[in-house]
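Observations on the model geometry
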Amino acid sequence: MKPDWDKLMAEYEGSKTVLVADVDCTTGGKELCSSVGVRGYPTIKTGSPDDLQDYKGGRDPGEPQEARRQPRPVLRPRENLELCDDEKKKQIAEFTALGAEKREAMIKEKDAESEKLEADFKAFVENLNKAYKDRESAKKDEAVEAIKNSGLGLLKSVHKFAATASTSKSEL
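Predicted model only: the values in this text are computed from it and were never measured.

1. With respect to the overall build of the protein chain
- Scanning the protein chain from terminus to terminus reveals five helices and two strands.
- Its helices and strands in sequence order give the protein chain the pattern α-α-β-β-α-α-α, from N to C terminus.
- Taking contacts inside the protein chain between residues at least 6 apart in sequence as the whole, the part at least 24 apart equals 42%.
- Roughly 14100 Å² of accessible area belongs to the protein chain as shown, and the carbon and sulfur atoms make up 55% of that amount.

2. Comments concerning helix α1 (residues 2-11)
- Turning to α1, its buried residues number three or more, namely Asp-4, Trp-5, Leu-8 and Met-9. Axial view of α1: buried residues confined to an arc of 145°, hence all on one face. Exposed residues pointing more than 90 degrees away from the buried face of α1 are listed as Pro-3 and Lys-7.

3. Focus: the pattern of salt bridges
- All chains considered together, the criterion is met by seven salt bridges.
- We note a salt bridge from Lys-140 to Asp-141, for which the minimum N-O separation is 3.1 Å.
- Counted as one network, the salt bridges with shared partners bring together Arg-135, Glu-136 and Lys-139.

4. Concerning the state of the cysteines
- With the rule as written, the count across this model stands at one disulfide.
- Across a sulfur-sulfur distance of 1.8 Å, Cys-25 and Cys-33 are joined as a disulfide pair. With the S-S dihedral at roughly -75°, the linkage between Cys-25 and Cys-33 falls on the left-handed side.
- A relative accessible area of 11% places Cys-25 in the buried class.
- According to the relative accessible area criterion, Cys-33 is buried, its value standing at 5%.

5. Looking at the confidence of the model for the protein chain
- In this model, the protein chain carries a mean pLDDT of 80, and residues with pLDDT of at least 70 account for 84%.
- Across the protein chain, the element-wise mean pLDDT spans from 53 in helix α3 (residues 63-69) up to 89 in helix α4 (residues 86-98).

6. Describing α4
- With 13 residues, α4 ought to run about 18 Å at 1.5 Å a step, and its terminal C-alpha atoms sit 19 Å apart, in line with that.
- Looking one or two residues past α4, Gly-99 carries a phi angle of roughly 90°, positive in sign.

7. Digging into a nonpolar patch on the surface
- Together, Phe-121, Phe-124 and Leu-128 give the surface a local cluster of nonpolar side chains, amounting to about 340 Å² of exposed area.
- Looking at the element boundaries, Phe-121 is found in helix α5 (residues 100-171).

Parameters and conventions
- Residues numbered from 1 in each chain as written.
- Predicted model: local features only at pLDDT ≥ 70, side-chain atom pairs only at ≥ 80, totals over all residues.
- Heavy atoms only, no water.
- Helix = DSSP H or I, 4+ residues; strand = E, 2+ residues; numbered from the N terminus.
- Contact = heavy atoms within 4.5 Å.
- Areas by Shrake-Rupley, 256 points an atom, 1.4 Å probe, with all protein chains shown as cover.
- Buried < 20%, exposed > 50% of the residue type's maximum accessible area, 1.4 Å probe, protein only.
- Arc of directions from axis to C-beta.
- Salt bridge = Lys/Arg side-chain N within 4 Å of Asp/Glu carboxyl O.
- Disulfide = S-S within 2.5 Å.
- pLDDT = per-residue confidence, 0-100.
- Expected span 1.5 Å × (residues − 1).
- Patch = residues over 30% accessible without salt bridge, like charges linked within 9 Å, V, L, I, M, F, W, Y side chains within 5 Å.

Printed below as a string of structure tokens:
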């Protein structure tokens with residue numbers, strides 16, 4: 001998959017409306033990856049660098065060609081407003097009218113909401129994993145105990161005794 005995306009990156013290098021880039025999230029790109037919501041590898045994001053969205057297309061080798069046919073332009077309100085649809089233009093006008101302080105407060109609020117959702121989800125998954133492990137462990141322990149209580153030890157003793165007894169008889 002990477003070679004195909006590298007070709008696509010080379011094709012759009014220097015474009016003023018389309019950015020195709022890759023980031024190594026295991027080294028110097030950790031902070032960036034965390035800030036844009038990368039949680040697994042490989043992750044593909046599209047859109048404005050300030051508003052990256054998860055890529056919903058396929059991951060097969062032919063997919064970059066499909067993405068190339070319909071690239072999503074990087075929407076920067078001051079540079080290429082004409083690329084925005086009417087709904088985005090209206091939203092940009094509303095956000096602009098709010099003023100810097102109100103926009104910053106809204107950004108902090110939405111970021112906090114997002115962080116809380118992520119933290120709540122992480123806690124939910126951790127609790128779910130713990131409950132699963134506890135339940136499965138208890139279930140296994142009960143099953144092992146039931147097998148032991150079904151006479152396994154006695155069965156082994158009888159088997160050993162019978163094997164010893166038949167060896168003793170054959171030696172006579």
